[in-house]
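Structure assessment
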Amino acid sequence: QVQLVESGGGLVQAGGSLRLSCAASGRTFSSYGMGWFRQAPGKEREFVAAVSWIGSPSTADSVKGRFTISRDNNKKTVYLQMNSLKPEDTAVYYCAARKYEIDTRVDEYTSWGQGTQVTVSS
């Protein structure tokens, strides 16, 4: 398994941008599919975006066209660029990993970070 540490969260006004980073430890990062999920207060954790071990991305409809996921295997890091942020994007954002392919289901991921708070003010 890999250990994951997120960073880059914060408070931003609606329409603004943030870039989240997820740094992984371990020698086999390149063989992991990486995902971003989020959880708002009182709601279930939901899929945001993911990128497979060979770089194929997938993005939730709710953020498509605004959020972009990418990975840098040399730095063992996955990024989530978030543009045109809305108040409804406010949540704790979690990074997750699973072997090779990606999935939109929370239970399919074997490693999780501690989360980073994103707050979008109106």
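Relevant structure appears above.
Residues numbered from 1 in each chain as written. Predicted model: local features only at pLDDT ≥ 70, side-chain atom pairs only at ≥ 80, totals over all residues. Heavy atoms only, no water.

Here we look at the overall build of the protein chain
For the protein chain, the helix and strand inventory stands at 0 helices and 11 strands. Counting from the amino terminus, the protein chain carries its helices and strands in the arrangement β-β-β-β-β-β-β-β-β-β-β. Relative to the 2.2 N^0.38 estimate, which gives 14 Å for 122 residues, the radius of gyration of the protein chain is 13 Å and therefore close to what a compact globule would have. Here the C-alpha coordinates of the protein chain stretch approximately 40 × 25 × 25 Å along the principal axes. (Helix = DSSP H or I, 4+ residues; strand = E, 2+ residues; numbered from the N terminus. Rg over C-alpha atoms; globule rule 2.2 N^0.38 Å.)

Considering a nonpolar patch on the surface
Taken together, Trp-53, Ile-54 and Tyr-100 make up a surface patch of nonpolar side chains, about 320 Å² in accessible area. With respect to the element layout, Tyr-100 can be found in the loop between strand S9 (91-99) and strand S10 (111-112). (Patch = residues over 30% accessible without salt bridge, like charges linked within 9 Å, V, L, I, M, F, W, Y side chains within 5 Å. Areas by Shrake-Rupley, 256 points an atom, 1.4 Å probe, with all protein chains shown as cover. Salt bridge = Lys/Arg side-chain N within 4 Å of Asp/Glu carboxyl O.)

Quick look at the packing of aromatic side chains
Under the criterion given, the structure shown has 6 aromatic pairs. Geometrically, the ring pair formed by Trp-53 and Tyr-100 is edge-to-face, given 5.1 Å between the ring centres and 75° between the ring planes. Within this pair, whereas Trp-53 is found in the loop between strand S5 (46-51) and strand S6 (57-59), its partner Tyr-100 is found in the loop between S9 and S10, the two being separated by 47 residues in sequence. What makes Trp-53 partly exposed here is its relative accessible area of 35%. Aromatic rings pair up to connect Phe-37, Phe-47, Tyr-94, Tyr-109 and Trp-112 into one cluster. (Phe/Tyr/Trp six-rings, centres within 6.5 Å; stacked < 30°, edge-to-face > 60°. Buried < 20%, exposed > 50% of the residue type's maximum accessible area, 1.4 Å probe, protein only.)

A word on the pairing of S5
With 5 of 6 residues buried, S5 is to be regarded as a mostly interior element. By the bridge criterion, 5 bridges tie strand S4 (residues 32-39) to S5 in an arrangement that is antiparallel. Following the sheet pairing, Met-34 is matched in S5 by Val-51. Two successive antiparallel strands, S4 and S5, enclose a turn made up of 6 residues, where Gly-42 displays a positive phi of approximately 75°. Where S5 lies against S6, 3 bridges are found, and the strand directions are antiparallel. Opposite Ala-49, over in S6, you have Thr-59 as the bridge partner. (Pairing = 2+ DSSP bridges.)

Shape is all these values report; function is a separate question.
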